[in-house]
Amino acid sequence: MIKKINQHIEEGFEARVLNPIEYWLWKFRYIALLAVFFCAFASIALFVMGTMEILSPVKEIIITTPGILTNHEQISNENILKDFIGALDLYLIAVFFLIFSFGLYELIISKIDIAHDTTDDVDHPLLQISSLDELKSKIIKVIIIILIVAFFKNVISMKMVAVSDAFMLSLAILALCIGSYFLTKAH
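Residues numbered from 1 in each chain as written. Predicted model: local features only at pLDDT ≥ 70, side-chain atom pairs only at ≥ 80, totals over all residues. Heavy atoms only, no water.

### Quick look at the packing of helix α2 (residues 32-63) against helix α3 (residues 77-109)
In contact at an axis separation of 8 Å, α2 and α3 are set at 165 degrees when each is read in the N-to-C sense. One finds that α2 runs roughly antiparallel with respect to α3. Two packed elements cross with a definite hand, and for α2 against α3 that hand is left-handed. (Axes fitted to C-alpha atoms, helices over the stretch in contact; angles between N-to-C directions. Helix = DSSP H or I, 4+ residues; strand = E, 2+ residues; numbered from the N terminus. Parallel < 35°, antiparallel > 145°, perpendicular 65-115°, else oblique. Left-handed = near helix turned anticlockwise from the far one by under 90°.)

### Focus on the environment of Val58
Positionally, Val58 belongs in helix α2. For Val58, a relative accessible area of 31% gives the class partly exposed. (Buried < 20%, exposed > 50% of the residue type's maximum accessible area, 1.4 Å probe, protein only.)

### Regarding the confidence of the model for the protein
A residue-level look at the protein finds 78% of positions with pLDDT of 70 or above and a mean pLDDT of 79. The secondary-structure element of the protein with the lowest mean pLDDT is helix α1 (residues 2-27), recorded at 70, while α2 shows the highest, at 91. (pLDDT = per-residue confidence, 0-100.)

### Remarks on the nonpolar core
Core analysis: the biggest nonpolar cluster contains nine residues, these being Ile85, Leu92, Ile99, Ile129, Leu135, Ile139, Val142, Ile146 and Val149. Counting residues per element, the ones that place at least two in this core are α3 and α4 (132-156). If we ignore the near neighbours within four places in the chain, the residues touching Ile146 are Asp89, Leu92, Ile93 and Phe96. (Core = buried A, V, L, I, M, F, W, Y, C linked by side-chain atoms within 4.5 Å. Contact = heavy atoms within 4.5 Å.)

### Notes on the packing of aromatic side chains
Applying the stated criterion to the full structure yields four aromatic pairs. With a centroid separation of 5.8 Å and 35 degrees between ring planes, the pair formed by Phe47 and Tyr91 is classed as tilted. With Phe47 in helix α2 and Tyr91 in helix α3, this pair connects stretches of sequence that are 44 residues apart. Seen in terms of ring centroids, Phe96 and Phe97 are 5.5 Å apart; in terms of plane orientation they differ by 80 degrees. Their pairing is edge-to-face. (Phe/Tyr/Trp six-rings, centres within 6.5 Å; stacked < 30°, edge-to-face > 60°.)

### A closer look at the pattern of salt bridges
All chains considered together, the criterion is met by two salt bridges. Among the salt bridges present, the one from Lys136 reaches Asp133, with a minimum N-O distance of 3.9 Å. Pair noted here: Lys136 and Asp133 are both in helix α4, with a separation of three residues, about one helical turn. You can call Lys136 partly exposed: its relative accessible area is 48%. Glu134 is paired through a salt bridge with Lys138; the nearest N and O atoms lie 3.4 Å apart. (Salt bridge = Lys/Arg side-chain N within 4 Å of Asp/Glu carboxyl O.)

### Overview of the side chain of Asp89
Checked against the element boundaries, Asp89 lands in helix α3. Overall, Asp89 belongs to the buried group, its relative accessible area being 14%. The residues touching Asp89, leaving out its near neighbours within four places in the chain, are Ile146, Val149 and Ala150.

Now the structure itself:
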């Protein structure tokens, strides 16, 4: 009899106090939509910035083509390559934000039904996230690719002064190759 009374009191407490708290706590996960939307907007902005970074040297190449404008100063191949690689870097960072946005949405808010649609003939494994470890792994891989691209952007303008400079560059490239081997070895 006392057990029934205690059980009834506990059930009443859960119904009156804990259930509404759990309900609102569960609904509070929608605050993550702020991060999802702003990361998606950042991704769009970075894609636009990357495109502008590509269009700028293309415009310069067209303008400085011999015969079009003779009084315009010649742009160097080094600067053109740095601009193009800088655009690639921006695109990769945009992909980083896109993956984070999709992953956060799928982990916290809801699965994206259209991404799992069977009528879509393209598989999107990069954007389908099922766990926090999977999101972390994909983001780490993109960050490493971003660092590799940034490395090569800096290598373009590097001046070799001594033999040790070439040796250190070759060691850095070897380290990048070994690192990328271990990244792809898991597959």
